[in-house]
Amino acid sequence: MDKIKETIQTKQFAPLPSGGLRGLSKRIIPCLDVKDGRTVKGVNFVDLRDAGDPVELAAQYAQQGADELVFLDITATHERRKTMIEMVKSVARQLNIPFTIGGGITEIADAEALLNAGADKISINSAAVKNPKLIEDLAKTFGVQFVVLAVDTKHIDGKNIVHLNGGRLITELETEAWIKKAEDLGAGEILLTSMDHDGTKAGFDCNLLSKINKMINIPIIASGGAGKTEHFTEVFQKAGVDAALAASVFHYGEILIPDLKQELKRNGIPVRI
Amino acid sequence: MILDTKYLILIMIGIVNYGAGNIFSLTAALERQNITYGMVNTETDLDKYSHIIIPGVGHAGAAMKKLEQTGLVGAIKALKKPVLGICVGMQLITEHSEEGDAELLGIVPVKTKKFEKTLQIKIPHMGWNDVEHKNNSLFEGVEDNAQFYFVHSYFIEYNPTFDIASANYGLKFSAAVQKDNFYGVQFHPEKSGKAGEHILKNFSNLS
């Protein structure tokens, strides 16, 4: 009898297959790398006057139908904070969709400056691994909705291990445990990049993403491996993630966002057209 | 000749400056729409503007405390000009929030509730959600089922009397409410693309 009850309950409260055909759209997020206030990596939109101008590029993506943008700052100079704030302000003045800033955020003061400059969310990675309390402090100060935890993960000897510095530095943390801990500390969203899939253009790591997605109750952004439109369909259908992020396939025009959204819609995935 | 200045008030939005969250994106969105604005810090500031916006992100209970510290609560409740609460600013015009068990302005007799985990939804509700609006002037020119950008963990209960737009996320809730000259939107019009720009423009055209 108890078993029947349990089955009924599980069925009754089982999440919808796609993770949310309830009016909330799945998000498509282009990611831009920024150095010294300029976007790096080749971008070949034909009608861009200045492909290195993050503001113009951001506006272009917004117009194409991107739901959100992520800027990853890789500036290494001591001027970084100042140039970053200036860039964030310029973007916020022009952009009518939300955007996240990541890279080099190590303390509350960094986050506050970015919030005041118009950033909707900040993404933290290494600083949170070194000092997990940062997640808690940021969530308490600015609200969980402001705090995205970025995790770079690699498959090693049957385990998923958190890596830092773009995959170059291994940690002792297991990805699943780290993400669970971050959720408890107050992370509002997870940006999970599979280093095994990143750059391969062979598709997202649906198995891992699905596993993590079932484990947590905050939104998750899939990253690493996007090569064609079908990969996006697959990651939403198989892993049930809330958003998918990609860089080069968008920058090089290999996938156009309007086409991608039409294709997702045809496959029954709720998107904003 | 003495001009009667009451007919010369230009459209200008006053943003209640009570320290609850960043307003850079809001002012940027108003600038893009060529809507002039200024900050409201004191009661006399409220008279300077034709329209008032109450912004807000973060914790509703904490935001209410900050608003009380400005000493503007009584004057805001007595306003007869159009007022728009955005996100937590919208929640503030309701009676009560489960966030911090806080008594709020009580202008619109509805309650702000928590999305429960039993709804089997991700919390916060983050992203673009369909909105079904009821042809209120605030939504003029907005397509049926247009999408708006939401970021929140608490929602305003659906009440057909005050609801002017609803959304579904685990349950049906109010995406926008109205009572007399008081309006509230749960989503962020300043981050909601063209649809959001319509809302800001329409609000500035309300009289």
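For clarity, every value in this text was computed on a predicted model and none was experimentally measured.

Criteria and cut-off values
- Residues numbered from 1 in each chain as written.
- Chains lettered and ligands numbered in written order.
- Predicted model: local features only at pLDDT ≥ 70, side-chain atom pairs only at ≥ 80, totals over all residues.
- Heavy atoms only, no water.
- Helix = DSSP H or I, 4+ residues; strand = E, 2+ residues; numbered from the N terminus.
- Rg over C-alpha atoms; globule rule 2.2 N^0.38 Å.
- Buried < 20%, exposed > 50% of the residue type's maximum accessible area, 1.4 Å probe, protein only.
- Contact = heavy atoms within 4.5 Å.
- Areas by Shrake-Rupley, 256 points an atom, 1.4 Å probe, with all protein chains shown as cover.
- Lys, Arg positive; Asp, Glu negative; His and termini not counted.
- Charge placed at Lys NZ, Arg CZ, Asp CG, Glu CD.
- Buried area = accessible area lost by both parts, 1.4 Å probe.
- Salt bridge = Lys/Arg side-chain N within 4 Å of Asp/Glu carboxyl O.
- Polar contact = N/O pair within 3.5 Å; in protein donor to acceptor, adjacent residues only side chain to side chain.
- Nonpolar A, V, L, I, M, F, W, Y, C, P; charged D, E, K, R; others polar.

**So, the overall build of chain B**
Phase 1 of the analysis: On a plain count of helices and strands, chain B comes out with 6 helices and 14 strands.
Phase 2 of the analysis: A compact globule built from 207 residues would reach a C-alpha radius of gyration of about 17 Å, and chain B, at 16 Å, matches this within 12%.
Phase 3 of the analysis: Dimensions of chain B, computed from the C-alpha atoms along their principal axes, are close to 65 × 40 × 30 Å.
Phase 4 of the analysis: Counting over 207 residues, chain B shows a buried share of 59%.
Phase 5 of the analysis: The contacts of chain B with a sequence gap of at least 6 include a subset with a gap of at least 24, amounting to 67%.
Phase 6 of the analysis: For chain B, the exposed surface amounts to about 8,700 Å²; the carbon and sulfur share of it is 50%.
Phase 7 of the analysis: In chain B, 19 side chains carry a positive charge and 22 a negative one; their mean positions are 2 Å apart.

**Thoughts on the interface of chain B and chain A**
Phase 1 of the analysis: If you look at the interface, chain B gives 31 residues, while chain A gives 38 residues.
Phase 2 of the analysis: Carbon and sulfur atoms make up 54% of the area that chain B and chain A hide from each other, which totals about 2,900 Å².
Phase 3 of the analysis: Taken as a group, Lys122, Met126 and Trp128 of chain B account for 26% of the area that chain B buries against chain A, more than any other trio of residues on that side.
Phase 4 of the analysis: Our count for the chain B to chain A interface comes out at 2 salt bridges.
Phase 5 of the analysis: In this structure, aspartate 120 of chain A engages lysine 191 of chain B in a salt bridge whose closest nitrogen and oxygen atoms are separated by 2.9 Å.
Phase 6 of the analysis: For the interface between chain B and chain A, the tally reads 18 residue pairs in polar contact (both at pLDDT 80 or more).
Phase 7 of the analysis: Of all the secondary structure elements, the ones that give two or more residues to the side of chain B that touches chain A are α1 (24–32), β8 (125–130), β10 (147–152), β12 (163–169) and α6 (193–205) of chain B.
Phase 8 of the analysis: In terms of residue count, the dominant contributor to the side of chain B that touches chain A is β8 of chain B (6 residues).
Phase 9 of the analysis: Of the residues belonging to the side of chain B that touches chain A, the class tally is 11 nonpolar, 12 polar and 8 charged.

Honestly, that's just the spatial picture; any functional story needs more than this.
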